[in-house]
Amino acid sequence: MATATQSQSDHPLTLTQLVTDLVTDKLVSKEAAEQLLINRRSIQSSQHPLVIIANQKWKDPRDPRKQLNLETLTQWLAGKCNLDYFHIDPFKVDFAAVTKVMSNAYAERYKILPVAVNAHEVTIATAEPYVREWETQLKHVLRLDIKRVITNPLEIQSYIVEFYNLARSVKTASAKDAGYSDVTNFEQLMQLGRSGKLDANDQHIVHICDWLFTYAFQQRASDIHLEPRRDISNVRFRIDGALHQVYQIPTPVMAAMTSRIKILGRMDVVEKRRPQDGRLKTVSPDGTEVELRLSTMPTAFGEKFVMRIFNPETLVKDYSELGFGEDDERKWKHMVSQPHGIVLVTGPTGSGKTTTLYSTLKLLATPEVNVCSVEDPIEMIEPAFNQMQVQSGINLNFASGIRTLMRQDPDIIMVGEIRDLETAEMAVQAALTGHLVLSTLHTNDAPSAITRLVDLGVPAYLIQSTLLGVMAQRLIRTICPHCKEQADLDDATWENLVAPWKAPNPKGTTAVGKGCLECRMTGYMGRVGIYETMLLTPDIKRHIVEKTDLEAFREQAYKEGLKPLRINGAMKVAAGLTTVDEILKTSPPPGGDRRQASR
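Reading the values: rules and limits
Residues numbered from 1 in each chain as written. Predicted model: local features only at pLDDT ≥ 70, side-chain atom pairs only at ≥ 80, totals over all residues. Heavy atoms only, no water. Helix = DSSP H or I, 4+ residues; strand = E, 2+ residues; numbered from the N terminus. Buried < 20%, exposed > 50% of the residue type's maximum accessible area, 1.4 Å probe, protein only. Contact = heavy atoms within 4.5 Å. Areas by Shrake-Rupley, 256 points an atom, 1.4 Å probe, with all protein chains shown as cover. Lys, Arg positive; Asp, Glu negative; His and termini not counted. Charge placed at Lys NZ, Arg CZ, Asp CG, Glu CD. Phe/Tyr/Trp six-rings, centres within 6.5 Å; stacked < 30°, edge-to-face > 60°. Lys NZ or Arg CZ within 6 Å of the ring centre and 35° of its normal. 1 Å grid on protein atoms, 1.4 Å probe; cavity = no way out; pocket = protein on both sides within 12 Å on 5 of 7 lines; lining within 4 Å. Points joined across faces, edges and corners; volume = space filled by probe spheres on them. Nonpolar A, V, L, I, M, F, W, Y, C, P; charged D, E, K, R; others polar. Core = buried A, V, L, I, M, F, W, Y, C linked by side-chain atoms within 4.5 Å. Patch = residues over 30% accessible without salt bridge, like charges linked within 9 Å, V, L, I, M, F, W, Y side chains within 5 Å. Salt bridge = Lys/Arg side-chain N within 4 Å of Asp/Glu carboxyl O.

Chemist: So, the overall build of the protein: which residues are in play, and what are the values?
Modeler: Broken down by element type, the protein carries 23 helices and 21 strands. Across its three principal axes, the protein shows a C-alpha extent of roughly 90 × 70 × 45 Å. Every one of the 599 residues in the protein was classed for burial, and the buried ones make up 53%. Considering only residue pairs separated by 6 or more positions, the protein has 64% of its internal contacts joining residues 24 or more positions apart. Roughly 28,500 Å² of accessible area belongs to the protein as shown, and the carbon and sulfur atoms make up 50% of that amount. Averaging the locations of the 70 positively and 72 negatively charged side chains of the protein gives two centres separated by 2 Å.

Quick look at the structure:
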């Protein structure tokens, strides 16, 4: 019987060939292979043999914890054929360039897909290493060297459709553009004899926008960036806190995409000189409702568009999913269970403050209480809350919003952000009159929230009487579970992380992600919070004065049991959840000398 490693004339792979080689390589038992061949009549004949074998979900004898899945089998086949294995990462493929190499019909006919092209060589992905008829034809037509690589057959099938459809839509939309004459570009170039612009409702623009949202949801993006440039504009996704280049689109096409999304978000399509905010609700491919917060900003080459994605399943979590340790959860629950007072969450933009507040309010919003919020903008519609949005155009700001909420018989008030003295004073008044107020501040750590309130002009005695506690937080990337492996945590590295706290190395081991397809070779997948929770005890309150010494105040807080963000992160390193580099990059160093604080 011929095997997949034998050199023959053009022929597609067969199930018999592949299972014979798998048995020879001791990856599959002879009995299992024979049973599959007996049952093959009941299997859909159009399926690729690799897919049929992967569907058996056989254990991988090299690692019984894993299965012989499609990627593993494809890598094995590449090795058998002495060809490179290639995983298609759409972020790294120039759709426009590769789809010019061959027609859609030709790619469909031979089940091949160009994935890279330069001046000398074109890389073609295939799942049929012994079908080579097309190679000679392409080499003659293109006058380029052909490099064949082996790729998952389902990826080829899926991306042939996606790449060519998207490229076709962009090309057709660009062809319809008769010159970019819309006055949104500060370096406007007038082209004589050309006028007009793309229609935002053109079917090709609609298709590109639909692809953009679907692809962002598939890639677990938290933000979509549309960035206009002079000729070719950029599309980028933020995934696990890092921005990734996705695609480059002609600027006139991106302008039409921007208009399309503004229409969907009920924004003023005509107004392009001022920043605008909006929101959009849609449904992901798996049927989950997803909300997007929209923001535009005028730039030198047109409107920059950022869409923040809020998935209800990820926005509202329990405390363990957020990353709370036992001590942080105990302190936080104590703060938010009080009948009145102010609780603050601090951190920079994108540090997870909204998720923490929404998750907390979701747990507090029982039928017996009235939960109201004033936000700018409303991040996500939540039926359990009464939400009001700031509207500066009609003088509805945070302060006037709190004033209105206090006449609505609330039990719990959430204020999106304390930005100025008027808002801070209204929050204090709400707390003094028997309401629990939750809000956010932008500070580097929990103790700095006190000096921030003092700097805004809030009297120290009012801070003492109303503030229950402050929690600072950051989001850190967690190690990918698919490529996680044990690693040593030497004492020198640990001491550098926790210095000057002198905390002992609890285990001596940690974990790292070596990088795999699931995590895009980054070693990280998902994010979790690290926290610095400060309860305002009587001793701490005595240090709140009109000219608060931040270092002395911070020192007292540490003596009272406050553990800084970096120490909280170090505990997650020791637990194997994240890496030392991630903590050092994300968390600020503890202020002052902490040699005594470890007591």
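This is not the end of the story, as more comes after the structure.
Chemist: Let's hear about the packing of aromatic side chains: which residues, and what values?
Modeler: Considering all chains together, one arrives at 14 aromatic pairs under this definition. Ring plane angle 55° and centroid distance 5.8 Å describe the contact between Tyr 215 and Phe 237, whose orientation is recorded as tilted. Of this pair, Tyr 215 sits in helix H9 (residues 203-218) while Phe 237 sits in strand S8 (residues 232-239), and the two are 22 residues apart along the sequence. Here the two residues Tyr 215 and Phe 237 agree in accessibility, since each one is buried. Connected via pairs of aromatic rings, a cluster forms that spans Phe 91, Phe 95, Tyr 159, Phe 163, Trp 211, Tyr 215, Phe 237 and Tyr 247. In this structure, Arg 477 packs its charged tip against the face of Tyr 524, placed 4.0 Å from the ring centre.

Chemist: An account of the layout of surface pockets is requested, with residue identities and associated values reported.
Modeler: Put simply, the second largest pocket is a space of about 1,300 Å³. Forming the walls of the second largest pocket are 36 residues, and the residues nearest its centre are Glu 71, His 87, Cys 516, Leu 517 and Glu 518. Of all the secondary structure elements, the ones that give two or more residues to the lining of the second largest pocket are strand S2 (63-67), helix H4 (70-80), helix H8 (153-176), H9 and strand S19 (484-488). Each residue belonging to the lining of the second largest pocket can be placed in one class, and the counts come to ten nonpolar, ten polar and 16 charged.

Chemist: Tell me about the nonpolar core, residues and numbers included.
Modeler: Ranked by size, the top nonpolar core spans 61 residues in total, and within it Leu 212, Ile 224, Leu 226, Phe 237 and Met 307 carry the most contacts. If one sorts the elements of this core by residue count, H9 sits on top with nine residues. Apart from the residues lying within four places of it in its own chain, the contact partners of Leu 212 are Ile 224, Leu 226, Val 235, Phe 237, Met 257, Ile 261 and Met 307. Membership of the second largest hydrophobic core comes to 58 residues, among which are Val 374, Ile 418, Ala 424 and Val 428.

Chemist: Hey, could you go over a negative patch on the surface for me, with residue numbers and the actual values?
Modeler: A grouping of Asp 488, Asp 490, Asp 491 and Glu 495 is seen on the molecular surface, where their side chains present a negatively charged patch. On the accessibility criterion, Asp 488 (69% relative accessible area) is exposed.

Chemist: I'd like a description of the pattern of salt bridges, backed by residues and values.
Modeler: Taken as a whole and assessed by the stated rule, the structure comprises 27 salt bridges. A salt bridge links Asp 327 to Arg 330; the nearest nitrogen and oxygen atoms lie 2.6 Å apart. Separated by three residues within a single helix, Asp 327 and Arg 330 lie in helix H13 (residues 326-336), roughly one turn from each other. The residue Glu 422 makes a salt bridge to Arg 403 at a minimum N-O spacing of 3.9 Å. Residue Glu 422 is located in helix H16 (residues 421-432), and its partner Arg 403 is located in helix H15 (residues 398-405); the two are separated by 19 residues in the primary sequence. Among the charged side chains, a network of salt bridges with common partners joins Arg 279, Lys 281, Glu 289 and Glu 291.

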